[in-house]
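Observations on the model geometry
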Amino acid sequence: MKKEQLPKNWSTVKLEETGEYINGFAFKPNHRESTGLPIIRIQNLTDETKPLNRTNIAVPSAYEVFRGDMLVSWSATLDVFIWRREKALVNQHIFKVNPEENLIKKNLLFYWLKIAIEDLQETEHLHGSTMKHINRGPFLAHEVPLPPAAEQPRIVEKLEELLSDLDAGVAELKAAQRKLGQYRQSLLKAAVEGALTASWRAQHTPTETGAQLLERILTERRARWEARQLAKFEAQGKAPPKDWRKKYPEPVRPDISDLPKLPPNWVWASGEQLCEFITKGTTPPKDLDTDGEKTVPFLRVTNLTDRGELDLSDKVFVSAKTHQGFLARSAVYPDDVLMNIVGPPLGQVAVVPKTFPEWNINQAIAIFRAVDGVLPAFICCHLLSPVAQKWLKARSKTTAGQTNLTLEVCRELPFPLPPVDEQQALVLHLTAAIDGTARHNQTIDQALKQSAAQRKNILKAAFSGQLVPQDPGDEPAAVLLERIRAERAAVAPAARRARPTKATA
């Protein structure tokens, strides 16, 4: 905001003058322990349910954070927060803010920083394609409006009055959204445990039970393998060797020792038994795809969702040459079921639509290609269900903050297998119910967007001096600012706050 646009007696001030902005300590993986003070990472600010890393290393007190302290994340998620948990230590990529409250009230600075960060994101100072960040220099040089000291409490009081009502409404909307999410999970659980189609079973007799279906699938699977082997022998001009059928690789059987009892006509099967194959994609080297027009979409984890649908708002492409050559083994086709096996989060799933062209996937995504008699939508339903998600999470491995699932685990995953006609009824029933929750969710999302826009308008009004009337008798902000600058200049360098030093293990 330009100074001439500000109300009389207002001024502007650079952020570096509104307080001390201390960048967090660069904690290393070997600093993490099971005890000690928590290390505040950005994910702990954006989601308070995320676990806290801890450490016992000694760091300067400047990095200590107490309940009520203000923090600014300047990388990845750009925002300002108030810490409301136990004493902790601030990690790198986060500023700990010590406000200059003689110049600007802490509560007002909190709101001012919200708008400053938003403004900076619309400038050339925002860097990074995947992990957005703002450098310290442009951040501290950014100017914000400075009202007179006497007007600041009036602005804060009005802001908190308006925003408290707005925040209460947002909290109710988010609570309703959480309930919809819980209801959706209960629908998925009921579907794969048979409760969703209990009334259907009472009125219908399947033409083929789940056990019979599984037996047919396995028989046909073996027959296809034998046909391929015979074709291979013929192409080589060789007679089939003795006992060649004994080399058939039997698909892994599910471990059902701890699994619940299934409804009548259902049976447990493994992912490998129900899929033609389960494999993962490939990511080409950066220097491979240097020639040829890139026209073949290349799916990544960001394109998968927890709704069973693809999000194609952000696509990357590879050339047809790379797709047909280096990436041929990881091509995906209509009705393939995709699930990410590298996280967090794990278990994002999508079914490739029937109108989908031949595309490709990277190495963080697994393909489940269902055999005849198993609906891809049912595979998707089970993979998204809390039953499968819990089973997969228990067998995942986490290293250096990255969680992985192996293809062996995916192949061993137990699937409940209903008769084909019950699968169809289940998918229809589940789709209708989930579509209903999706419509409610869209309504809530729209309301949340409107609330965010309203919040932004309120803050903009406060920034421009339109929220409360001005008092001509208030001391001008420029006078206050010059007085504080003079006081700072008079302070001996030796008495100024010492900069943080390195930590000791």
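This structure is a prediction, so every number in the text was calculated from the model and none was measured. (Residues numbered from 1 in each chain as written. Predicted model: local features only at pLDDT ≥ 70, side-chain atom pairs only at ≥ 80, totals over all residues. Heavy atoms only, no water.)

Structural notes on the sheet that holds strand E8 (residues 88-90)
Pairing within the open sheet is mixed, and its 4 strands lie in the order E4-E3-E8-E5. Unpaired on one side and paired on the other, strand E4 (53-55) and strand E5 (64-65) mark the two borders of the sheet. By the bridge criterion, 2 bridges tie E5 to E8 in an arrangement that is antiparallel. Across the sheet, the residue bridging to valine 65 is alanine 88, located in E8. (Pairing = 2+ DSSP bridges. Helix = DSSP H or I, 4+ residues; strand = E, 2+ residues; numbered from the N terminus.)

Let's talk about the pairing of strand E3 (residues 37-40)
Here E3 runs beside E4; their pairing, made up of 3 bridges, is antiparallel. Residue pairing in the sheet places leucine 37 in a bridge with threonine 55 of E4. Across 2 bridges, the pairing between E3 and E8 is parallel. Pairing of isoleucine 39 across the sheet is with leucine 89, part of E8.

A look at the packing of helix H9 (residues 376-384) against helix H10 (residues 386-394)
H10 packs onto H9 with a crossing angle of 60° between their chain directions and a minimal axis gap of 4 Å. With respect to H10, the element H9 is oriented oblique. Contact residues: H9 offers His382, Leu383 and Leu384, while H10 offers Pro386, Val387, Ala388 and Gln389. Of the residues that constitute the contact of H9 with H10, the class distribution is 5 nonpolar, 2 polar and no charged. (Axes fitted to C-alpha atoms, helices over the stretch in contact; angles between N-to-C directions. Parallel < 35°, antiparallel > 145°, perpendicular 65-115°, else oblique. Contact = heavy atoms within 4.5 Å. Nonpolar A, V, L, I, M, F, W, Y, C, P; charged D, E, K, R; others polar.)

Quick notes on the pattern of salt bridges
Throughout the structure, instances matching the rule amount to 27 salt bridges. Of the charged contacts, one joins arginine 224 and glutamate 276 as a salt bridge, the two residues approaching to 3.1 Å between their closest N and O atoms. Of the two residues, arginine 224 sits in helix H6 (residues 210-236) while glutamate 276 sits in strand E14 (residues 275-280), which places them 52 residues apart along the sequence. In this structure glutamate 276 comes out as partly exposed when scored by relative accessible area, which is 30%. Among the ionic pairs, lysine 246 bridges to aspartate 243, the shortest N-O distance being 3.9 Å. Take lysine 246: its relative accessible area is 68%, and that puts it in the exposed class. Assessed through its relative accessible area of 41%, aspartate 243 is described here as partly exposed. Overlapping salt bridges bring together Glu17, Glu100, Glu482, Arg485 and Arg488 as one network. (Salt bridge = Lys/Arg side-chain N within 4 Å of Asp/Glu carboxyl O. Buried < 20%, exposed > 50% of the residue type's maximum accessible area, 1.4 Å probe, protein only.)

Notes on the packing of aromatic side chains
Geometry of an aromatic ring pair is reported as the spacing of the ring centres plus the angle between the planes. According to the stated counting rule, one finds 11 aromatic pairs in the structure shown. Summarising the aromatic geometry, the rings of tyrosine 21 and phenylalanine 95 are spaced 6.2 Å apart at their centres and angled 80° between planes, so their arrangement reads as edge-to-face. Within this pair, whereas tyrosine 21 is found in strand E2 (residues 19-23), its partner phenylalanine 95 is found in strand E9 (residues 94-99), the two being separated by 74 residues in sequence. Aromatic side chains phenylalanine 233 and tryptophan 244 sit 5.8 Å apart centroid to centroid with 85° between the ring planes, which places their arrangement in the edge-to-face category. Residue phenylalanine 233 is found in helix H6, and its partner tryptophan 244 is found in the loop between H6 and strand E13 (267-270); the two are separated by 11 residues along the sequence. Of the two residues examined, phenylalanine 233 and tryptophan 244, each falls in the buried class. Here a set of aromatic residues connected by ring pairs shows up, and it is made of Tyr21, Trp74, Phe95 and Phe139. Across the ring face of tryptophan 391, the terminal group of arginine 395 is positioned such that the distance to the ring centre comes to 3.9 Å. (Phe/Tyr/Trp six-rings, centres within 6.5 Å; stacked < 30°, edge-to-face > 60°. Lys NZ or Arg CZ within 6 Å of the ring centre and 35° of its normal.)

With respect to H6
In this model, H6 (27 residues) spans 39 Å end to end at C-alpha, consistent with the 39 Å of a helix rising 1.5 Å per residue. Three or more residues of H6 are buried, namely Gly210, Leu213, Leu214, Ile217, Arg221, Trp225, Glu226, Gln229 and Phe233. Contacts made by the buried residues of H6 are with E13, helix H7 (271-274), E14, strand E25 (414-417) and helix H12 (420-463). Of the residues one or two after H6, glycine 237 is the one with positive phi, at around 70°. (Expected span 1.5 Å × (residues − 1).)

Quick word on the pairing of strand E22 (residues 365-370)
Among the 6 residues of E22, 5 are classified as buried, and the element is accordingly described as predominantly covered. Where E14 lies against E22, 5 bridges are found, and the strand directions are antiparallel. Across the sheet, residue cysteine 275 finds its bridge partner in E22, namely alanine 370. The pairing of strand E18 (residues 337-340) with E22 spans 4 bridges and is antiparallel. Bridge assignment links asparagine 340 to a residue of E22, and that residue is isoleucine 365.

Digging into helix H4 (residues 152-193)
Residues lying three or four places apart along an α-helix face the same way, a consequence of the helix completing one turn every 3.6 residues. Spanning 42 residues, H4 covers 59 Å between terminal C-alpha atoms, matching the ideal 62 Å at 1.5 Å per step. The positive-phi residue at the C-terminal boundary of H4 is glycine 194, with phi of around 95°.

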